[in-house]
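Chain by chain, the residues run as shown.
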Amino acid sequence: MGMTMTQKILAAHCGEAAVTAGQLINAQLDIVLGNDITTPVAINEFEKAGFDSVFDRTRVNIVLDHFVPNKDIKSATQSKQCRQFADKYDILNFYDVGEMGVEHALLPEKGIVTAGDCIIGADSHTCTYGAVGAFSTGVGSTDMAAGMAKGVAWFKVPAAIKVELTGALRPFVTAKDISLEVLRLLSVKGGVGHVMEWGGPGIAGLSVPDRATITNMGTELGATTSIFPSDEVTRAFLKAQGREADFTPLSADPDAAYDRVIHIDLDTLEPLIACPHMPDKVVPVRSLKDTKVDQVC
């Protein structure tokens, strides 16, 4: 039996020829991420455990992107704690005021994450990096602390759901509508214990930013992560950054096992919207014609 993209990445990072869904593994990490909310908690756990070094100063990433500029003394104190930690351990990828941005857009743009990487981040939307073919998943701050110190995390290899896309998006239909359609089909609990693996001829028309919109919303499905193949679209993205040499192809084996396969025809997809108060309460935008809008943000 062949392997999914996730299984290939996890096998490579735990030293096994192959892994199967449900297997418990210890995987070597390429990247550990935290932000200004979760990193201070991780630092406290790091120090409480008695750690006195990070596994690799070039692979720990701290982005101050939630409360920067600081809104109050508490958020300023959190930022200060991150700065002191980054200075103490000479963290290379520390992004402060003036250098930061939304963390999940920043790391791909900086060339920090790439196909085949195994990544944990103390932020639920760390699954975004599946847009470039990485296995990336959100963890708690305690796991982040251990990851910073040891460069290892344990995982239960997730089962997989495949989403097969055909056709192409029509005008005014976007990658967000693809995410909403999957939420409509599966609900906010539909991805629990699974990784969403995307494929089919329809993905060729989705840019890496499009894919990042979709993988970012794997969190709303409750999925462990979400991942696209590393293909010619990925190569073009890297080439535009002057990083074509970093291109690594990645795809699932043709006989990989999936718990479920979902087919979506992009030719027939229309603009969708999630109604209050759940991301899976999805309806066509046209069905809300003449609905009064009180706020737009």
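Higher on the page you've got the structure.
Here the structure is a predicted model, which means the values were calculated and not measured.

## Here we look at unusual backbone geometry
Phase 1: Residue Val68 is joined to Pro69 through a cis peptide bond whose omega torsion reads 0°.
Phase 2: With respect to the helices and strands, the residue Pro69 is situated in the loop between strand E3 (60-63) and helix H3 (73-88).
Phase 3: Here the residue pair Pro276 and His277 is connected by a cis peptide bond, since its omega of 0° sits within 30 degrees of zero.
Phase 4: You can see His277 is positioned in the loop between strand E12 (272-274) and strand E13 (282-284).

## Some remarks on the nonpolar core
Proteins that are soluble and globular tend to have nonpolar side chains buried together.
Phase 1: Ranked by internal contacts, the top residues of the largest apolar core, which has 40 residues, are Leu10, Ile25, Phe46, Phe85, Cys118, Met148 and Phe155.
Phase 2: With 5 residues, helix H1 (residues 5-14) is the largest single contributor of residues to this core.
Phase 3: Excluding anything up to four places from it in sequence, Cys118 contacts Ile9, Leu10, His13, Ala27, Gln28, Leu29, Asp30, Ile31, Phe135 and Phe155.
Phase 4: Leu183, Ile262, Leu266 and Leu272 belong to the second-largest nonpolar core, a separate cluster that totals 26 residues.

## Comments concerning the packing of aromatic side chains
Phase 1: Counting across every chain of the model gives 6 aromatic pairs.
Phase 2: Plain terms: the ring middles of Phe46 and Phe85 are 5.2 Å apart, the flat faces sit at 90° to each other, and that makes the pair edge-to-face. Here Phe46 is found in helix H2 (residues 38-48), whereas its partner Phe85 is found in helix H3, with 39 residues between them in sequence.
Phase 3: Ring geometry for Phe46 against Tyr89: centres 5.6 Å apart, planes inclined by 65°, an arrangement best described as edge-to-face. Taken together, the positions of Phe46 in helix H2 and Tyr89 in the loop between H3 and strand E4 (93-95) put the pair 43 residues apart, joining distant regions of the chain.
Phase 4: Residue classification places Phe46 among the buried residues on the basis of a relative accessible area of 0%.
Phase 5: The class for Tyr89 is buried, based on a relative accessible area of 12%.
Phase 6: Through successive ring pairs, a cluster of aromatic residues spans Phe46, Phe51, Phe85 and Tyr89.

## Concerning helix H6 (residues 175-186)
Along an α-helix, residues three or four positions apart point the same way, because every turn accommodates 3.6 residues.
Phase 1: The end-to-end C-alpha separation of H6 is 17 Å, in line with the 16 Å expected for 12 residues at 1.5 Å each.
Phase 2: Burial analysis of H6 places 9 of its 12 residues in the buried class, which makes it a mostly covered element.
Phase 3: Inspection of H6 places Ala175, Asp177, Ile178, Ser179, Leu180, Glu181, Val182, Leu183 and Leu186 among the buried residues, and these make up the whole buried set.
Phase 4: Packed against the buried residues of H6 are strand E8 (159-166), strand E9 (194-199), helix H7 (208-216), strand E11 (260-265), E12 and E13.

## Quick look at the pairing of strand E5 (residues 118-121)
Phase 1: Neither face of E5 is left uncovered, since the one carrying Cys118 and Ile120 and the one carrying Ile119 and Gly121 both have all their residues buried.
Phase 2: With 3 bridges joining them, strand E2 (residues 31-35) and E5 adopt parallel strand pairing. Across the sheet, residue Ile31 finds its bridge partner in E5, namely Ile119.
Phase 3: As paired strands, E5 and strand E6 (residues 135-138) are joined by 4 bridges and run parallel to one another. What sits directly across from Cys118, in E6, is Phe135.

## Comments concerning the pattern of salt bridges
Phase 1: Per the counting criterion, the structure on display carries 15 salt bridges.
Phase 2: The salt bridge involving Arg184 is made with Glu181; its shortest N-O contact spans 2.8 Å. Here Arg184 and its partner Glu181 are both found in helix H6, 3 residues apart, which amounts to about one turn of the helix.
Phase 3: On the basis of relative accessible area, Arg184 is assigned to the partly exposed category, the value being 43%.
Phase 4: Bridged by salt links that share partners, the residues Asp30, Asp56 and Arg59 form one connected network.

## Observations concerning the pairing of E8
Phase 1: Among the 8 residues of E8, 6 are classified as buried, and the element is accordingly described as predominantly covered.
Phase 2: One ladder, built from 6 bridges, connects E8 with E9; its direction is parallel. Looking at the pairing, Ala160 lines up with Val195 of E9.
Phase 3: A crossover links E8 with its parallel partner E9, the connecting element being H6, and its sense is right-handed.

Thresholds, definitions, all that
Residues numbered from 1 in each chain as written. Predicted model: local features only at pLDDT ≥ 70, side-chain atom pairs only at ≥ 80, totals over all residues. Heavy atoms only, no water. Helix = DSSP H or I, 4+ residues; strand = E, 2+ residues; numbered from the N terminus. Core = buried A, V, L, I, M, F, W, Y, C linked by side-chain atoms within 4.5 Å. Buried < 20%, exposed > 50% of the residue type's maximum accessible area, 1.4 Å probe, protein only. Contact = heavy atoms within 4.5 Å. Phe/Tyr/Trp six-rings, centres within 6.5 Å; stacked < 30°, edge-to-face > 60°. Expected span 1.5 Å × (residues − 1). Pairing = 2+ DSSP bridges. Salt bridge = Lys/Arg side-chain N within 4 Å of Asp/Glu carboxyl O. Right-handed = clockwise from strand over helix to strand, strands pointing away.

By themselves these figures say nothing about function.
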